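Structure at a glance
What follows is the residue order along each chain.
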Amino acid sequence: MGRLVAVSNRVADPRNHAAGGLAVALSDTLNKTGGLWFGWSGKVVDASRGGTPGEGELHQIQAGNVTLATVDLSREDFESYYLGYSNGVLWPVFHYRVDLADFDSGGNLNAYRRVNQLFARKLAPLLKPDDVIWIHDYHLIPLAAELRAIGCGQRIGFFLHIPLPPRLILATIPQHEWLMRALFAYDLLGFQSHDDVEHFSRYVQGEAGAEPMGEYRFRAFHRTVRAQAFPIGIDVDEFIELGRADEARETYEMMRGQYARRRLLLGIDRLDYSKGLPQRLKAFQTLLAEYPENRSSATLIQIAAPSRESVDAYADLRRDMEGITGAINGEYGELDWMPVRYIHRSTARRRLPGLCRACNVALVTPLRDGMNLVAKEYIAAQDPEDPGVLVLSRFAGAAEQLKEALLVNPYDTRATAQAIQQALHMSLSERQARHQKLLERIRQQDVHWWSGEYLRALMETEGG
Ligand code: ADQ
């Protein structure tokens, strides 16, 4: 295979494994092929200080064998492309929250196109003819079409980290046809789950008259694209290793010391409306109401990292969370026990394994989620001799794989409360059996499997 060129909205130094996620997934191949990683620098520059809006400056640094190339965005583009269209239209609709989408601002769509064109213009001169290009996520759906328009004939793949919704939900986006047509400029489309592929298939057959052409292949708009599920995983060994390091162990000891007499439940998320946090708190409240033996004992540690705070829906969610937490703590709290510890900050990755291991139950209950890696990290962090229990939303992509978790409908707060009760009282032998299966599953399809399978499929795919 030629050189790997990864493109994503944000770029991470592949030497820094502590960053997790894509950096771990791509570092092997990027290093082996002397790769290039291209994206936004994270810097917003004010147009008034020079530079036309959208014309980002290109920065290149060498990280070992890998070149990191990034561009700055103007404030206007950041607000319209990133906050406006990507996170104000695509994110909510792709998570089935049509009610939260702001469809009215045509300026946002223009900026979305403009930034994708800017990325194409800045990236094209850096490309070599036999490069293999792998573009990530909803911010960059039209990027391949823009690259093709200026003459790039390389193999280009796309991976969508978030769900693809059903046809009629997608069709609420005024530009849905343009977006979906843009996907046909790729050679391979990767989705998190089989449900997502099914939604793609139904959309293109229903809206674009596409013909399925045998396994995984679809023809529409005079092009053929391959579409397939590649569920993303974690680096299980790396996470277990992280759990053996000092910071994780100290976190574990501190938690066990502080909460010696309690049963701990854990939620770790970005503060995002897709993660089902208010519903989770209400399920916990129902648990305390209907199973009073948990009062003065069960403690929910909810860590919710700040995210996209200047988008209105996120500010509303923050207020809701503070309100519900206050109500539960006010109603059930004792001088020596607070039912909910709500922390609106992110936690250092090095502490996560210790935190996960110290908690008896993880609540991973999104209303919709592409995959959800916290579910997999929780499994990897457990002591196989005395593992905790994963309560998992059936609407997370991870539910297609993690069948031995307690699967719940997060909208049904009473059923979720029952599942939490079941988790808190599960026998050791059942916990061990479920955990052993889950660990096998996350090992079989870990992050190296994910990137390996994806790139193998991309190399096999005939363009056209
Ligand atoms: P996210 O929505 O960001 O990602 P998720 O998979 O839950 O979701 O988490 C990604 C990483 O962030 C995990 O490694 C997790 O530990 C970390 N993280 C989350 N909350 C944190 C917190 N409060 N403090 C510290 N770390 C935290 C998108 C999709 C997901 C998909 C991923 C990867 O929305 O569905 O799983 O991409 O494809």
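Residues numbered from 1 in each chain as written. Predicted model: local features only at pLDDT ≥ 70, side-chain atom pairs only at ≥ 80, totals over all residues. Heavy atoms only, no water.

Looking at an unreviewed UniProt entry, the chain carries the name Trehalose-6-phosphate synthase, with the source organism given as Cupriavidus metallidurans. Here is the UniProt Pathway (unreviewed entry) comment for the chain, exactly as written: "Glycan biosynthesis; trehalose biosynthesis." In the Sequence similarities (unreviewed entry) part of its UniProt record, the chain is described as follows: "Belongs to the glycosyltransferase 20 family." (UniProt positions renumbered as here; feature names shortened; annotations may be inferred.)

Here's the deal with the pairing of strand E10 (residues 223-229)
Looking along a regular strand, one sees the side chains alternate between the two faces of the sheet. In terms of burial, E10 is largely enclosed, as six of its seven residues are buried. As paired strands, strand E7 (residues 188-191) and E10 are joined by four bridges and run parallel to one another. Bridge pairing links Leu189 to Ala227 in E10. Summarising the sheet, strand E9 (residues 217-220) and E10 pair through four bridges and their orientation is antiparallel. Bridge pairing links Arg217 to Arg226 in E10. In this antiparallel pair of consecutive strands, E9 and E10, the connection spans two residues, and Phe221 shows a positive phi of 55 degrees. (Buried < 20%, exposed > 50% of the residue type's maximum accessible area, 1.4 Å probe, protein only. Helix = DSSP H or I, 4+ residues; strand = E, 2+ residues; numbered from the N terminus. Pairing = 2+ DSSP bridges.)

Quick look at the sheet that holds strand E8 (residues 211-212)
The strand order across the open sheet formed by 10 strands is E3-E4-E2-E1-E5-E6-E7-E10-E9-E8, and the pairing between neighbours is mixed. Single-partner strands in this sheet number two, and they are strand E3 (58-63) and E8. Packing of helix H3 (residues 106-123) onto the sheet brings it into contact with strand E1 (4-10), strand E2 (36-45) and strand E4 (66-74), and relative to E2 it is tilted by some 130 degrees. (Contact = heavy atoms within 4.5 Å. Axes fitted to C-alpha atoms, helices over the stretch in contact; angles between N-to-C directions.)

Description of the site of the ligand
Near the ligand, the surroundings consist of 21 residues, among which His161, Asp369, Met371, Leu373 and Glu377 are the closest. For the ligand, a nitrogen atom lies 3.4 Å from a polar atom in the backbone of Ala305. Bound to the protein, the ligand loses 83% of the 700 Å² it would expose on its own. Its residues placed into classes, the shell around the ligand shows nine nonpolar, six polar and six charged. (Near = heavy atom within 4 Å. Polar contact = N/O pair within 3.5 Å; in protein donor to acceptor, adjacent residues only side chain to side chain. Areas by Shrake-Rupley, 256 points an atom, 1.4 Å probe, with all protein chains shown as cover. Nonpolar A, V, L, I, M, F, W, Y, C, P; charged D, E, K, R; others polar.)

Quick word on the packing of aromatic side chains
Geometrically, a pair of aromatic rings is defined through the distance of the ring centres and the angle of the planes. Tallying each qualifying case throughout the model produces 20 aromatic pairs. With 6.3 Å between their ring centres and 75 degrees between their planes, Tyr112 and Trp178 make a pair best called edge-to-face. Taken as a pair, Tyr112 in helix H3 and Trp178 in helix H6 (residues 176-183) lie far apart in primary sequence, 66 residues in all. The class of Tyr112 is buried, set by a relative accessible area of 0%. (Phe/Tyr/Trp six-rings, centres within 6.5 Å; stacked < 30°, edge-to-face > 60°.)

Focus: H6
Each full turn of the α-helix corresponds to 3.6 residues, which orients residues three or four apart in the same direction. Listed in full, the buried residues belonging to H6 are His176, Leu179, Met180, Ala182 and Leu183. For H6, the angular spread of buried residues about the axis comes to 150 degrees, placing them on one side. (Arc of directions from axis to C-beta.)

Some thoughts on the pattern of salt bridges
Counted under the stated rule, the structure contains 32 salt bridges. A salt bridge links Glu76 to Arg114, with the nearest nitrogen and oxygen atoms 3.3 Å apart. In this pair, Glu76 sits in helix H2 (residues 75-94) while Arg114 sits in helix H3, placing the two residues 38 residues apart along the sequence. For Glu76, a relative accessible area of 41% translates into the label partly exposed. Across the pair Arg414 and Glu290 runs a salt bridge, and its minimum N-O distance is 2.4 Å. Linking Arg414 in helix H14 (residues 413-424) with Glu290 in helix H10 (residues 277-290), this pair joins segments that are 124 residues apart in sequence. Taking relative accessible area as the criterion, Arg414 reaches 47% and is therefore assigned partly exposed. One network of salt bridges, with partners in common, ties together Arg226, Glu453, Arg456 and Glu460. (Salt bridge = Lys/Arg side-chain N within 4 Å of Asp/Glu carboxyl O.)

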